[in-house]
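Coordinate inspection notes
Listed below, chain by chain, are the residues.
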Amino acid sequence: MADTLEFNEIYQEVKGSMNDGRLRLSRQGVIFKNSKTGKVDNIQASELAEGIWRRVALGHGLKLLTKNGHIYKYDGFRESEFDKLSEFFKSHYRLELAEKDLCVKGWNWGTVKFGGQLLSFDIGEQPVFEIPLSNVSQCTTGKNEVTLEFHQNDDAEVSLMEVRFYVPPTQEDGVDPVEAFAQNVLSKADVIQATGDAICIFRELQCLTPRGRYDIRIYPTFLHLHGKTFDYKIPYTTVLRLFLLPHKDQRQMFFVISLDPPIKQGQTRYHFLILLFSKDEDISLTLNMNEDEVEKRFEGRLTKNMSGSLYEMVSRVMKALVNRKITVPGNFQGHSGAQCITCSYKASSGLLYPLERGFIYVHKPPVHIRFDEISFVNFARGTTTTRSFDFEIETKQGTQYTFSSIEREEYGKLFDFVNAKKLNIKNRGHKESMPQSYDEYADSDEDQHDAYLERMKEEGKIREENADDSSDESGEETDESFNPGEEDEDVAEEFDSEVSASSDGGSDHEEKRKPAKKAKIVKERKPRKKPSESKKGKDPNAPKRPMSAYMLWLNASREKIKSDHPGISITDLSKKAGELWKGMSKEKKEEWDRKAEDAKRDYEKAMKEYSDGGKSESSKKEKSKKKQQQGKGKAERKAAPSKALAKSPAKQLSESFKSKEFVSSEESSGDNKKEDSEEEEIASTPPSLEDSASGSD
């Protein structure tokens, strides 16, 4: 018999929503990992009390009951897997896997049984339906009636709002069956009531999402955010993860609370609660409990009187009450020494933190991506400048996240980190040969030592010593104009009127070599003034390239967008158009794709006709035009051969040191050589001769 059993595509029912994941049964217990949230349910083998196999909507299901009254339901099994599971339960858990089907008679009269966290409505010995009492948000009573209201789940397509039970009166004196029913429900229900005093209160904390300043009141079972406008009550059972992240300025700290389900305000959902603290803020805290209660409840994790930094106190109290680890950044260190990277996501600037088991971006909008849900990552060139790059992440569900405007110096560190974590890198193409280096059933907030971090540190030191080499290895083309120090030095030499005096007794060879260096600078700056000379050979009669489907749609919809949003700027119009295009249905997009294909075919046909006949005629016209301009250029040079000597030395240098690329295209190669020799004579003329020549004029 195998020591473990694993099942993929198993579904867990949570408040009416079926969450898919992976289930593993081992000697130690049962582990289920939610594919969407990464949350791990771990049931120890010693806690299992009963196992039930039954037929459900998605095939066959497994219902597990624990000794402390919790119920776990897993659906999606095949009928043939019963024997394998039954034998595994018998040999490893010493439990009989009982077969018990639900009653499908459709009767609405039966018996209610309370067992642990479960309310079961039975007909005879068969259950009709079961209600986990932890899903009950409110319980109200009437004459012979009890009404149960439920917490809503945004992920569920259809939500159950309430159930009413009719309780017949009994002849027993002193016992009200309605009140007894309600008390059984309320004893196990997840009803949030601010009864009694709070354990402690943190006042006027700065909250980034939801935005504002809130008093945080800590109760035994829930967290109460009290603001000037809104109040939120957050049960500790909805807290998924805790993060403590240092700000890049090293003076502030982020404390992030991940929530599932999220808190709501109207139609807005807040999946993350983000608090911002200053490291300099201190607090003395006294818990509203006696010392014996504190010791019994928190087992040394908290004391009655505590003092320290405000962020430390908040995180320590939350960790003790929620009973979850606090995730902090790992050993990643960026180019500036910070544990995060400055970037932009959805047009908002923020910080990206590489963690030991994922990435988290704060703060607007907050994003947490686990390594086990990443399909691949991609390093892309920046769209606006070569001094930055984009970091793209695509999940296995097809969701894409693009973090843009990352400084080029961060590339080496981030690449080493991704490589050490064995994530698939799209650019490199080693998708199949990069196995995962972590346990698929481990929780994403568990910190484990990674052997690759040592190698990452060594490579990081090498990259710091030779930063220029790292940019070459990244596969990006380097720009000559990127080095600002060298460019400024050249500009100063070119426009300095005392440039000839600065070379103290230099040889003729050195004097001739300088103009060559300056000519390179003029070569970079001249095209801005004369773009028409550098862009030669474009035929105005050539067919225009076809537009994409998006551009065709934008041209057709531009006026409608303007009329719908009067006074909209060009930038906002482009953003709005992008949003409309992104939200357009697939059928409408296909219509514009067809138009783009038709335009492309017309373009290819026109290009074929142009290359066969039209191009030869236009080239003949250009040749005749060139000959006329060459003759005109020769006449102009003969008319004014010696005017250059009358100019100041600075102007002579700036005009004479032109490279051949920017000599006008009308001049012949013979004339180019002649003018180059004239420029060398002017450059080698001593300053005294130039002054006397200008004086005689």
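As the structure is a computational prediction, the values presented were derived from the model and not from experiment.

1. Quick look at the overall build of the chain
The helix and strand tally for the chain stands at 16 helices and 31 strands. Counting over 697 residues, the chain shows a buried share of 38%. Across the chain, the fraction of contacts at a sequence separation of at least 24, relative to all contacts at a separation of at least 6, is 50%. Accessible surface for the chain amounts to roughly 41500 Å². Of this, 47% is attributable to carbon and sulfur atoms.

2. Comments concerning the pairing of strand β9 (residues 111–115)
Side-chain direction in a regular strand flips from residue to residue, so the side chains alternate between the two faces of the sheet. Here five bridges tie β9 to strand β10 (residues 118–123), and the two strands are oriented antiparallel to one another. By the bridge assignment for β10, Gly115 is matched with Leu118.

3. Thoughts on unusual backbone geometry
Between Thr209 and the following residue, Pro210, the backbone shows a cis peptide bond with an omega angle of -5°. Note that the residue after Asp260, namely Pro261, is joined by a cis bond; omega there is 5°. Topologically, Pro261 is positioned in strand β20 (residues 252–265). Even without glycine at this site, Asn323 takes up a positive phi of about 60°. Residue Asn323 is classed as exposed on the basis of its relative accessible area of 58%.

4. Some details on the sheet that holds strand β7 (residues 71–77)
Reading across the sheet, the eight strands line up as β4-β3-β2-β1-β7-β6-β5-β8 and stay open at both edges, with mixed pairing between neighbours. Unpaired on one side and paired on the other, β4 (40–44) and β8 (97–99) mark the two borders of the sheet. Along the sheet, successive strands turn relative to each other by an average axial angle of 30°, direction set aside. Pairing of strand β2 (residues 17–25) with strand β3 (residues 29–34) involves five bridges; the strand directions are antiparallel. Each residue of the ladder has a partner; that of Gly21, found in β3, is Asn34.

5. Overview of the nonpolar core
If you look at the biggest cluster of nonpolar residues, it comprises 41 residues, and the most contacted ones within it are Phe202, Ile218, Leu223 and Phe255. In terms of residues, this core owes the most to one element, helix α4 (residues 310–322), which gives nine residues. Sequence-distant contacts of Ile218, defined by excluding residues within four places in its chain, comprise Ala198, Ile199, Cys200, Phe202, Leu223, Tyr236, Val317, Met318 and Leu321. By size, the runner-up hydrophobic cluster in this structure holds 26 residues, among which are Ile369, Phe371, Phe403 and Tyr411.

6. Structural notes on the pattern of salt bridges
On inspection of all chains with the given rule, the structure shows 15 salt bridges. The closest approach of N and O atoms between Lys73 and Glu130, which form a salt bridge, is 3.5 Å. Here Lys73 is found in strand β7, whereas its partner Glu130 is found in strand β11 (residues 126–132), with 57 residues between them in sequence. Take Glu130: its relative accessible area is 15%, and that puts it in the buried class. Residue Arg601 is joined to Asp598 by a salt bridge in which the shortest nitrogen-to-oxygen separation is 2.2 Å. Taken together, the residues Arg601 and Asp598, both in helix α13 (residues 586–639) and three residues apart, mark about one turn of the helix. Exposure remark for Arg601: the relative accessible area of 48% places this residue in the partly exposed category. Connected via shared salt-bridge partners are Lys33, Arg370, Asp372 and Glu373.

7. What to know about the sheet that holds β10
If you walk across this open sheet you meet the three strands as β9-β10-β11, and the pairing is antiparallel. Each edge of the open sheet carries a strand with a single partner, namely β9 and β11. Taking each pair of neighbouring strands and ignoring which way they run, the sheet shows an average axis angle of 25°. Two elements, β10 and β11, share six bridges in a ladder whose sense is antiparallel. Residue pairing for β11: Leu119 is matched across the bridge by Ile131.

8. Thoughts on the pairing of strand β25 (residues 341–345)
When you tally the buried positions in β25, you get four out of five residues, the bulk of the element. In this sheet, strand β26 (residues 348–354) lies alongside β25 in antiparallel orientation, the contact comprising five bridges. Each residue of the ladder has a partner; that of Thr342, found in β26, is Leu351.

9. What about the environment of Ser404?
On the secondary structure map, Ser404 appears in strand β31 (residues 400–407). The exposure class assigned to Ser404 is partly exposed, which follows from its relative accessible area of 21%. Once the C-alpha coordinates of Ser404 and Asp390 are considered, the two residues, 14 residues apart in sequence, prove to be 4.2 Å apart. Residues within four places of Ser404 in sequence aside, it is in contact with Cys343, Ser344, Phe389 and Asp390.

10. Side note on the side chain of Asn19
Tracing the backbone through its elements, the reader meets Asn19 in strand β2. Once residues within four sequence positions are removed from consideration, Asn19 is found in contact with Ile10, Tyr11, Gln12, Val14, Phe32 and Asn34.

11. A look at helix α1 (residues 82–93)
Look at α1: 15 Å from first C-alpha to last across 12 residues, which is about the 16 Å you get at 1.5 Å a residue. When we look at burial in α1, the residues that qualify are Phe82, Leu85, Ser86, Phe88, Phe89, His92 and Tyr93. One face of α1 carries all of its buried residues, which in axial projection span an arc of 165°. Count one or two residues on from α1 and you reach Arg94, which has phi positive near 55°.

12. Some points on helix α12 (residues 570–582)
For α12, spanning 13 residues, the distance from its first C-alpha to its last is 18 Å, which sits close to the expected 18 Å at 1.5 Å a residue. Looking at α12, one finds that the buried residues are Leu573, Ala577 and Trp581. Looking straight down α12, one finds its buried side chains confined to an arc of 70°; they lie on one side. Facing away from the buried side of α12, by more than 90 degrees, are the exposed residues Thr571, Glu579 and Lys582.

13. Side note on the side chain of Glu410
Here Glu410 lies in the loop between β31 and α5 (411–420). There is no salt bridge for the buried Glu410, and the closest opposite charge comes from Lys248, which lies 4.6 Å off by N-O distance. Side-chain polar atoms of Glu410 contact the backbone nitrogen of His335, separated by 2.9 Å. When near neighbours in sequence (up to four residues on either side) are disregarded, Glu410 contacts Gly334, His335, Ser336, Ile341 and Phe389.

Cut-offs used in this document
Residues numbered from 1 in each chain as written. Predicted model: local features only at pLDDT ≥ 70, side-chain atom pairs only at ≥ 80, totals over all residues. Heavy atoms only, no water. Helix = DSSP H or I, 4+ residues; strand = E, 2+ residues; numbered from the N terminus. Buried < 20%, exposed > 50% of the residue type's maximum accessible area, 1.4 Å probe, protein only. Contact = heavy atoms within 4.5 Å. Areas by Shrake-Rupley, 256 points an atom, 1.4 Å probe, with all protein chains shown as cover. Pairing = 2+ DSSP bridges. Axes fitted to C-alpha atoms, helices over the stretch in contact; angles between N-to-C directions. Core = buried A, V, L, I, M, F, W, Y, C linked by side-chain atoms within 4.5 Å. Salt bridge = Lys/Arg side-chain N within 4 Å of Asp/Glu carboxyl O. Expected span 1.5 Å × (residues − 1). Arc of directions from axis to C-beta. Lys, Arg positive; Asp, Glu negative; His and termini not counted. Polar contact = N/O pair within 3.5 Å; in protein donor to acceptor, adjacent residues only side chain to side chain.

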